[in-house]
Structures are given as C-alpha cells and as structure tokens.
Amino acid sequence: MERRIILVDDHSLFRNGLRGLLERCGGCRVVGEAGSGEEFLGMLDDVEADIVFMDFAMPGLDGAQTTERALARRPELRIITLSMFGEESYYSRMVEAGAKGFLLKDSDIGDVLEAIDTVMAGGSYFSPQLLTSLTGRMRTREDVPDEPLSSREREILVAVCQGLSNQEIADTLFISKRTVDKHRANILEKTGCKNTASLVVYAIRHGIVEL
C-alpha cells in the first residue's frame, strides 16, 4: 500500500532531501510540503495523507501547536516529529500534542521507513539515537514517593525507556516474554498511558528516570 506523506519543515533543502529518499524507496509518495505550521494547516483540508513529518522548531506555530490543531481537525493523521539533538527537551510536548513518532534529522533512511511502518501499524516510534541520547543522561531513582508501580514494573519501565523490545527485556531479566507482556500491560493500566511515547514521559515526570 502506498503511503501518502506530507513534509512540514522550514528548510527547503531538508524537505527536498527527505522527499528524494522517500520516493526512491518506493511505497511512499510525498503529496504535500509546507514551510511552516500555518502553511500546513492551510492545506490540510485539501490534501489526503497518512503520515506527516513535522519539524518542531519553526517560525510562527511550533510543531506541538501545529500538531494539536491538525489532530483536532484530522485525528486520523499519524504525525512523526523531526528533531535535532538540541531539541530533545521538546519531545514531551509533542507526545502530549499527539505525535506518534520521533526521528532525529540525521537518521538513516532505514529508521525513517521503520518509523512509518510502526506508526501505520498503530504503534509509536522513537529514533534509536534519540533514546540512546536521552537514556544516556538518565539515572534511576530508588525512592519514588507514592509510586504505584512495583519494583519489577519500574525495572521494566526503565528498560522500555532504553528502547528495548519485550523480548530483549525478557532476555535481560531472565524471565519469559509472556511475563514481560503482562507486566507491560499492568504498567499501562496503572499509569493511564496508551503507548511507549507516553510511558517515557511518565517515567521522566515521576522520577523513575531523569534527564
């Protein structure tokens, strides 16, 4: 199935480069481009798209404001944030705004395609480089007041924040994947989170991991 994509970034050279990479891979077609949030919102009713690559730092409306307004009108859109290393502190705003994916601008095309496939399947995607950078500066806290999670659940949540899959977590902790699946479901229920992106934000805000 062809994925229809809109690129929203205030740097035309970046848009041109990403468009070329996507269209050479096949299965992707760039159906629109915008150099600002306002321009994107202005074209939203006239262009059908599945995926939006959204820069955060733009003149005028930033990526979070644009995402909120776009999803209020088109909740079916899957928005993937484009970020530089210096913009990591903004990703929680994009989670709250409804973004489903997070990519660094120097990501390999393989990561870009994986992000598209993941969010199209209903999941959330964090760039491996972004998670490495974030979790490389995180430290685990042992005492978190009023924390509803068990020590095992907190351990698994830290591993989730490090970008490990359920199978990788199971292998690391020497437990079954089925047990990890159950713990992860319990974590989502206890925290009220819906996906990996919101779990990372929860972990940071509640001191389970820290930047």
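Only a predicted model underlies this, so the values are computations on that prediction, with no experimental measurement involved. (Residues numbered from 1 in each chain as written. Predicted model: local features only at pLDDT ≥ 70, side-chain atom pairs only at ≥ 80, totals over all residues. Heavy atoms only, no water.)

J.: When you look at the pairing of strand β4 (residues 78–83) in this model, what are you seeing that I'm missing?
T.: Remark: a regular strand shows side chains that alternate across the two faces of the sheet. Of all six residues that make up β4, five are buried, and the element is covered over most of its length. Alignment of strand β3 (residues 51–55) against β4, held across five bridges, turns out to be parallel. Counted as the bridge partner of F53 is I80 from β4. Relative to strand β5 (residues 101–104), β4 runs parallel, the two being bridged by four bridges. (Buried < 20%, exposed > 50% of the residue type's maximum accessible area, 1.4 Å probe, protein only. Helix = DSSP H or I, 4+ residues; strand = E, 2+ residues; numbered from the N terminus. Pairing = 2+ DSSP bridges.)

J.: Can you help me understand the sheet that holds β3 in this one?
T.: Working definition: the strands of a sheet are paired by backbone hydrogen bonds and lie parallel or antiparallel to each other. In space, the six strands of this open sheet follow the order β2-β1-β3-β4-β5-β6, with parallel pairing throughout. Each of the sheet's edge strands pairs with one partner strand only, and the pair in question is β2 (28–34) and β6 (125–126). By the bridge criterion, four bridges tie strand β1 (residues 3–8) to β3 in an arrangement that is parallel. Paired with L7 across the two strands is F53, which belongs to β3.

J.: Quick question: what am I supposed to make of the packing of helix α9 (residues 177–191) against helix α10 (residues 196–205) here?
T.: Each pair of packed helices can be described by the angle between their axes along with the distance between the axes. Interhelical geometry of α9 versus α10 gives an angle of 65° and a closest axis separation of 11 Å. Relative to α10, the element α9 lies roughly perpendicular. As for the relative orientation of α9 and α10, their crossing is left-handed in sense. Seen from α9, the contacting residues are R184, I187, L188 and T191; seen from α10, they are T196, L199 and Y202. Split into classes, the residues belonging to the contact of α9 with α10 amount to four nonpolar, two polar and one charged. (Axes fitted to C-alpha atoms, helices over the stretch in contact; angles between N-to-C directions. Parallel < 35°, antiparallel > 145°, perpendicular 65-115°, else oblique. Left-handed = near helix turned anticlockwise from the far one by under 90°. Contact = heavy atoms within 4.5 Å. Nonpolar A, V, L, I, M, F, W, Y, C, P; charged D, E, K, R; others polar.)

J.: How do you make sense of the packing of aromatic side chains when you look at a structure like this?
T.: Within a pair of aromatic rings, the relevant descriptors are the distance that separates the centres and the angle that separates the planes. Throughout the structure, instances matching the rule amount to zero aromatic pairs. The positively charged end of K105 is found above the aromatic ring belonging to F14, 5.0 Å away from the centroid. (Phe/Tyr/Trp six-rings, centres within 6.5 Å; stacked < 30°, edge-to-face > 60°. Lys NZ or Arg CZ within 6 Å of the ring centre and 35° of its normal.)

J.: Could you clarify how one ought to interpret unusual backbone geometry in this entry?
T.: Negative phi values dominate among residues other than glycine, just as trans dominates among peptide bonds. Phi at F174 takes a positive value of approximately 60°, unusual for a residue other than glycine. Secondary-structure assignment places F174 in the loop between α8 (166–173) and α9. Relative accessible area serves as the criterion here: at 76%, F174 is assigned to the exposed category.

J.: I tried to follow the environment of R73 on my own but got confused; where do I start?
T.: Note on placement: R73 falls in helix α3 (residues 63–73). Looking at R73, the relative accessible area reads 39%, which means it is partly exposed. Put simply, R73 and L44 are 29 residues apart on the chain and 8.6 Å apart in space, counted from C-alpha to C-alpha. Not counting residues within four places of it along the chain, the set of residues in contact with R73 comprises L41, L44 and D45.

J.: Just to check I follow, could you spell out the UniProt feature "modified residue: 4-aspartylphosphate" (unreviewed entry) in the protein chain for this structure?
T.: If you check UniProt for "modified residue: 4-aspartylphosphate" (unreviewed entry), the listed places come out as D55 in our numbering. By the element assignment, D55 lies in strand β3. (UniProt positions renumbered as here; feature names shortened; annotations may be inferred.)

J.: Looking at this structure, how should I read α8?
T.: One turn of the α-helix equals 3.6 residues, which is why residues spaced by three or four share an orientation. Those residues of α8 that fall on the buried side of the exposure criterion are N166, I169, A170 and L173. In a view along the axis of α8, the buried residues occupy a sector of 100°, so they form one face of it. Turning to α8, the residues buried within the fold contact α7 (151–161) and α9. Positive backbone phi, approximately 60°, marks F174, located one or two places after α8. (Arc of directions from axis to C-beta.)

J.: Would you mind showing me how to read the pattern of salt bridges here?
T.: Two side chains that carry opposite charge are able to pair once their charged atoms sit near each other. Summed over the entire model, instances satisfying the criterion amount to 14 salt bridges. Where R19 meets E33, a salt bridge forms, and the shortest distance between an N and an O atom there is 2.2 Å. Of the two residues, R19 is situated in helix α1 (residues 12–25) and E33 in strand β2; the sequence distance between them amounts to 14 residues. One salt bridge connects E76 with R74, and the closest N-O pair in it is separated by 2.6 Å. (Salt bridge = Lys/Arg side-chain N within 4 Å of Asp/Glu carboxyl O.)

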